[in-house]
Amino acid sequence: MTDLFLVRHGETEWSRSGRHTGWTDVPLTEHGREEARGLVPLIRSQRIGAVFVSPLQRARETAELIGLDDVRVDADLREWDYGGYEGITTVDIQRERPEWFLFTDGVTPGPPDHPGESPEQVGERADRMLAKVDAALGDHDGDVMLVAHGHFLRVLTARRLGLPPADGALFQLATGALCRLGTEHGRPVISGWNVRPGS
């Protein structure tokens, strides 16, 4: 059976400080680069047939540092468009909206070119990406790997498991971590989560 591997990019300055980082193209920190390099032994042992990568540099650099080549850059893997909450931390948002929760409330509107996405819109993007994954699993000999972003990959995991987009909240995902979605008795399951060297 073939599996779907997920890699969240390594640490950035914004991920370290908790700032919502959607379309802002921030680079990896040196620690983030070390996180990516640390995944090499875990990934080298897998038989990867196709790799899809977000267009943002933090994901592309992570893929390069892991040693993944022949990647397909796909805009559907970009992070949640946080709209007016881009660059703002949850703590700061909750000063104005104490009960706010991204996975159920979405974001406040942003500029015209980045108006923000609802959880349902992110879920629709995840479903499109999963259709591409399924096609690649059928077309290639080996597993499929996605290198992308925390909140998007959490929603994608929920959708893979047949859950609503908001249930992505259940899957905390660290920077520089590897996850594996497989099957058991023909049903999708989590085979590994937040795997890092030595874990």
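(A) Local environment of the pattern of salt bridges. As enumerated under the stated definition, the model contains 16 salt bridges in all. A salt bridge links R16 to E11, with the nearest nitrogen and oxygen atoms 3.6 Å apart. Its salt-bridge partner being D76, residue R128 comes within 2.7 Å of it at the nearest N-O pair. With R128 in helix 7 (residues 119–139) and D76 in the loop between strand 3 (71–73) and helix 5 (90–96), the pair connects residues that are 52 residues apart, well separated along the chain. Residue D76 is classed as buried on the basis of its relative accessible area, which comes to 9%.

(B) Broad picture of the packing of helix 7 against helix 8 (residues 150–160). Contact geometry of helix 7 with helix 8 gives a least axis separation of 9 Å together with a crossing angle of 70 degrees. Considering their axes alone, helix 7 and helix 8 lie roughly perpendicular with respect to each other. The hand of the helix 7/helix 8 crossing is right-handed. Contacts between helix 7 and helix 8 pair V122, G123, R125, A126, D127, M129, L130, V133, D134 and L137 from the former with F152, V155, L156, R159 and R160 from the latter.

(C) Representation of the packing of aromatic side chains within the structure. This structure, assessed with the given rule, holds five aromatic pairs. Geometrically, the ring pair formed by W80 and F103 is edge-to-face, given 5.7 Å between the ring centres and 85 degrees between the ring planes. Here F103 lies in helix 6 (residues 102–105) and W80 lies in the loop between strand 3 and helix 5, a separation of 23 residues in the sequence. A residue is classified by how much of its surface remains accessible, and F103, at 4% relative accessible area, is buried. Site record: aromatic cluster; members linked through ring pairs are W80, Y82, F101 and F103.

(D) Spotlight on the sheet that holds strand 2 (residues 48–53). As summarised here, the arrangement of the six strands in space is 3-2-4-1-5-6, forming an open sheet in which the pairing is mixed. Sheet topology places strand 3 and strand 6 (187–195) at the edges, where each strand pairs with a single neighbour. With direction set aside, neighbouring strand axes in the sheet form an average angle of 20 degrees. Inspection of the sheet shows strand 2 paired to strand 4 (residues 143–148) by five bridges, in the parallel sense. Bridge assignment links F52 to a residue of strand 4, and that residue is L146. On the sheet, helix 4 (residues 57–66) packs against strand 1 (4–8), strand 2, strand 3 and strand 4 and is oriented at approximately 135 degrees with respect to strand 4.

(E) Broad picture of the side chain of T89. Along the chain, the position of T89 falls in the loop between strand 3 and helix 5. Judged by its relative accessible area of 15%, T89 is buried. A distance of 3.1 Å separates a polar side-chain atom of T89 from the backbone nitrogen of D92. Beyond its immediate sequence surroundings of up to four residues, T89 is in contact with S17, G18, R19 and H20.

(F) Spotlight on helix 4. Of the positions making up helix 4, those classed as buried are R58, A59, E61, T62, A63 and I66. Lining the buried residues of helix 4 we find strand 1, helix 2 (30–38), helix 3 (40–44), strand 2 and strand 4.

(G) Representation of the pairing of strand 5 (residues 178–184). One ladder, built from four bridges, connects strand 1 with strand 5; its direction is antiparallel. Bridging from a neighbouring strand, V7 pairs with L178 of strand 5. Here strand 5 runs beside strand 6; their pairing, made up of six bridges, is antiparallel. Looking across to strand 6, one finds that G182 is bridged to V189. Turn length for the strand 5-strand 6 hairpin, with the two strands adjacent in sequence and antiparallel, is two residues, and the turn residue H185 shows positive phi of about 55 degrees.

(H) Expanded view of the environment of L39. When you line up the elements, L39 lands in the loop between helix 2 and helix 3. For the pair formed by L39 and W14, sequence separation is 25 residues and the distance between their alpha carbons is 21 Å. Setting aside its immediate chain neighbours within four residues, L39 contacts V7, I66, G176, A177, L178, V195 and P197.

Calculation notes
- Residues numbered from 1 in each chain as written.
- Predicted model: local features only at pLDDT ≥ 70, side-chain atom pairs only at ≥ 80, totals over all residues.
- Heavy atoms only, no water.
- Salt bridge = Lys/Arg side-chain N within 4 Å of Asp/Glu carboxyl O.
- Helix = DSSP H or I, 4+ residues; strand = E, 2+ residues; numbered from the N terminus.
- Buried < 20%, exposed > 50% of the residue type's maximum accessible area, 1.4 Å probe, protein only.
- Axes fitted to C-alpha atoms, helices over the stretch in contact; angles between N-to-C directions.
- Parallel < 35°, antiparallel > 145°, perpendicular 65-115°, else oblique.
- Left-handed = near helix turned anticlockwise from the far one by under 90°.
- Contact = heavy atoms within 4.5 Å.
- Phe/Tyr/Trp six-rings, centres within 6.5 Å; stacked < 30°, edge-to-face > 60°.
- Pairing = 2+ DSSP bridges.
- Polar contact = N/O pair within 3.5 Å; in protein donor to acceptor, adjacent residues only side chain to side chain.

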